[in-house]
Amino acid sequence: VTGVEIFFSLSGFLVGGIFLRTYRENECFGATETLVFLKRRWWRTLPNYYLFLLILTVLALYQGSMSPPRSWVPYLFFLQNFTTPPETFFNVSWSLAVEEWFYLLLPFFVLCSGIFIKNRSTAFLAGVATMAFISFLLRISLFDGFPWDEHARKIAIGRLDAMAWGCFIAWLKELKPAWFERLAHPICATFFLTISLLVSVIAFRNFPSSNTLIHPALLFSALPASFAFCIPFFSKASFSFLPRWMAKVILLISLSSYSLYLCHMPIFNLSRHL
């Protein structure tokens, strides 16, 4: 639960910041600039995704467990968990589908806000807030079911608000640097980190069969939000005290973590089959 929520917060901060800077710097931001933004995101994510999708398909054929096309074709277009829980085939891709729909819908909401709001910084914030609020409402009204791990947590249109928190922190960094600096204070970071740890512990104690103590609306809003508000501290902190070898290990893990995430369950399943 916790790892993916951190991933969502960081992604919203990084990608939201890239889009915000591009949107503010281009006076005639439109379809062409949106396509360039999407192409850059896709080149970073889609090659590995389709590689492992192909490998999984081959493995499924080898194991004799290939499902009908209607079960795996949606994965080509990130529709596997758009409005329904994901299938067991390539189950770990649910979070990437959330990411991709966030990338696609972020420009749409921001550009729509820009029609009514001329200030681009405000239009960006309004677009992100609108998308987040709609996604939040969909999650609490449509997907509050058992088990919440498959419903409230993994259905794409109900999770877009998770990355919106990171976008908000990116907006603060660009437009309100003084506020960003205040959030980077160790006391602020400790406060939000404590909230994230408490919510994580409660989530793990009740994961994944019960939503009586933790309503999905609270859990999946509090986790990414609290992690997002820790970003200013970690972005400002100096880790020069780390040994060089440890820094290299951390860098290696960060560069390979996306690929490892995509392939770890297929490897487990293949090992179990063999």
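Residue numbering note: each chain is counted from 1, following its sequence as written. Note on the predicted model: pLDDT of at least 70 is required for a residue's local features to be given, and 80 or more for side-chain atom pairs to be given and counted; whole-chain, interface and lining totals, by contrast, use all residues. Note that water and hydrogens are dropped before the side-chain values are worked out from all heavy atoms of the structure.

Points about the packing of aromatic side chains
- Pairing of aromatic side chains here covers Phe, Tyr and the six-membered ring of Trp, requires ring centres within 6.5 Å, and sorts the geometry by plane angle: under 30 degrees stacked, over 60 edge-to-face, intermediate tilted. Applying the stated rule across the entire model yields 20 aromatic pairs.
- When the centroid spacing of 5.5 Å and the interplanar angle of 85° are considered together, the rings of Y23 and F29 count as edge-to-face.
- What makes Y23 buried here is its relative accessible area of 4%.
- When the ring of F168 is compared with that of F229, the centres are 6.2 Å apart and the planes differ by 55°; the resulting orientation is tilted. When accessible area is computed with a 1.4 Å probe and restricted to protein chains, residues below 20% of their type maximum are described as buried, those above 50% as exposed, and intermediate ones as partly exposed.

Regarding helix α11 (residues 244-273)
- One axis fitted to the seven residues ending at a residue, another fitted to the seven starting there: the angle between these axes is the bend at that residue. Each helix corresponds to a stretch of at least 4 residues labelled H or I by DSSP, and each strand to a stretch of at least 2 residues labelled E; elements are numbered beginning at the N terminus. Where α11 bends most, at S256, the angle is about 50°.
- We call two residues contacting when some pair of their heavy atoms lies within 4.5 Å. Contacts from the buried residues of α11 go to α2 (31-63).

Considerations on a nonpolar patch on the surface
- On the surface, Y50, V73, L76, F77 and L79 cluster together into a nonpolar patch covering about 410 Å² of accessible area.
- Note on placement: L79 falls in the loop between α3 (69-72) and α4 (94-116).
- Under the relative-accessibility criterion, L79 is labelled partly exposed at 40%. Only residues whose relative accessible area exceeds 30% and that take part in no salt bridge are eligible for patches, with like-charged residues grouped when within 9 Å of each other and nonpolar side chains (Val, Leu, Ile, Met, Phe, Trp, Tyr) grouped when within 5 Å. Only the protein chains shown count as cover for residues, and the accessible areas themselves come from Shrake-Rupley with a 1.4 Å probe. By salt bridge we mean one thing: a side-chain nitrogen of Lys or Arg within 4 Å of a carboxyl oxygen of Asp or Glu.

Here we look at the pattern of salt bridges
- Per the counting criterion, the structure on display carries four salt bridges.
- R159 is the salt-bridge partner of E5, the closest N and O atoms lying 2.7 Å from each other. Separated by 154 residues along the polypeptide, E5 in helix α1 (residues 2-25) and R159 in the loop between α5 (120-142) and α6 (161-175) bring together distant segments of the chain.
- Look at E5 and you get buried, because its relative accessible area is 0%.
- The exposure class of R159 is buried, given its relative accessible area of 0%.

Some remarks on unusual backbone geometry
- The phi dihedral of F78 falls on the positive side, at around 60°, and the residue is not glycine.
- Considering the arrangement of structural elements, one finds F78 in the loop between α3 and α4.
- Within the chain, F90 stands out as a residue other than glycine whose phi angle is a positive 55°.
- Tracing the chain through its elements places F90 in the loop between α3 and α4.

Concerning the nonpolar core
- Counting 55 residues, the largest nonpolar core has F19, F90, F102, L106, F124 and I169 as the members making the most contacts within it.
- When contributions to this core are tallied by element, the ones reaching two or more residues are α1, α2, α4, α5, α6, α7 (177-183) and α11.
- Considering every element that reaches this core, the biggest residue donor is α4, with ten residues.
- If we skip the residues at most four places from it in the chain, I169 touches F13, F180, L183, A228, F229, I231 and P232.
- The next biggest cluster of nonpolar side chains, apart from the first, holds seven residues, and it includes A152, V199, L219 and A222. For our purposes a nonpolar core is just a set of buried Ala, Val, Leu, Ile, Met, Phe, Trp, Tyr and Cys residues, chained together by side-chain atoms within 4.5 Å.

Note that every value here comes from positions in space, so none of it alone points to a role or purpose.
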